[in-house]
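Take a look at the letters that make up each chain.
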Amino acid sequence: MFIGILLALLAGMLVSVQTLFNNKVSASVHSHTTTALVLGMGFIASAGMGLAVEGAEFLHWQVMPIWFWFSGLIGIGVVTSVVKSVNLIGPSAATAIVMASQMVCAVWWDSAGWFGLEQVPFSWQKAIGITALIAGLLVFKYKPKAKSAVFDNANGYPVVQNT
């Protein structure tokens, strides 16, 4: 379990770094070009590492439902959507919303037992956790504007203004 937690933490860090890098790439090229570069480089690196680590076993694939073969197409939507959302709302807000969406969908699919997952009953603890996560996002993104004191030159008294 400890290794699983460490790998999940590493994945989160890598996703946030990749998001920042992808945003910088998309500043120089179109978003679909960014997606092609990211997924293309990922394919080349994954294929090379797979062959180096697993050898010929890398090419022995087990039978699986046909729809699982389309996960790479889902990756196109992931990269394109994240790049566009970072450009529109910023990296912190985009990453937080992506994480919340992942959590809501994962709980939904677990509870429904979709995609071959073992069905896990929905509980009030999960409802509270999702509600707290979404509330935290709202607090994070929509904090009130700070007030600053500006001095009136005529009498020297501070005048509070919204900034």
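Structure's up top.
Residues numbered from 1 in each chain as written. Predicted model: local features only at pLDDT ≥ 70, side-chain atom pairs only at ≥ 80, totals over all residues. Heavy atoms only, no water.

Participant: Sorry if this is basic, but what is going on with the environment of Ser123 here?
Facilitator: Counting through the fold element by element, Ser123 comes out in the loop between helix 4 (91-112) and helix 5 (124-141). Its relative accessible area of 22% is what places Ser123 among the partly exposed residues. Sequence separation between Ser123 and Ser111 is twelve residues; the distance between their C-alpha atoms is 9.2 Å. There is a polar contact of 3.2 Å between the side chain of Ser123 and the side chain of Gln125. (Helix = DSSP H or I, 4+ residues; strand = E, 2+ residues; numbered from the N terminus. Buried < 20%, exposed > 50% of the residue type's maximum accessible area, 1.4 Å probe, protein only. Polar contact = N/O pair within 3.5 Å; in protein donor to acceptor, adjacent residues only side chain to side chain.)

Participant: I tried to follow the packing of aromatic side chains on my own but got confused; where do I start?
Facilitator: Given two aromatic rings, their pairing is described by the distance between the two centres and the angle made by the two planes. Considering all chains together, one arrives at six aromatic pairs under this definition. The interplanar angle of 20° and the centroid separation of 6.4 Å between the aromatic rings of Trp108 and Trp109 together place this pair among those described as stacked. Here Trp109 falls in the partly exposed class, since its relative accessible area comes to 29%. We classify Trp108 as partly exposed; its relative accessible area is 48%. Pairwise contacts between aromatic rings join Trp108, Trp109, Trp114 and Phe115 into one cluster. (Phe/Tyr/Trp six-rings, centres within 6.5 Å; stacked < 30°, edge-to-face > 60°.)

Participant: Explain the packing of helix 1 (residues 2-26) against helix 2 (residues 31-54) here, please?
Facilitator: Between helix 1 and helix 2, the least distance of the axes is 9 Å, while the angle of their chain directions is 135°. The orientation of helix 1 with respect to helix 2, classified from their angle, is oblique. Pair helix 1 / helix 2 crosses with right-handed handedness. Here helix 1 contributes Gln18, Asn22, Val25 and Ser26 to the contact with helix 2, which in turn contributes Thr34, Leu37 and Val38. Counted by class, the contact of helix 1 with helix 2 contains three nonpolar, four polar and no charged residues. (Axes fitted to C-alpha atoms, helices over the stretch in contact; angles between N-to-C directions. Parallel < 35°, antiparallel > 145°, perpendicular 65-115°, else oblique. Left-handed = near helix turned anticlockwise from the far one by under 90°. Contact = heavy atoms within 4.5 Å. Nonpolar A, V, L, I, M, F, W, Y, C, P; charged D, E, K, R; others polar.)

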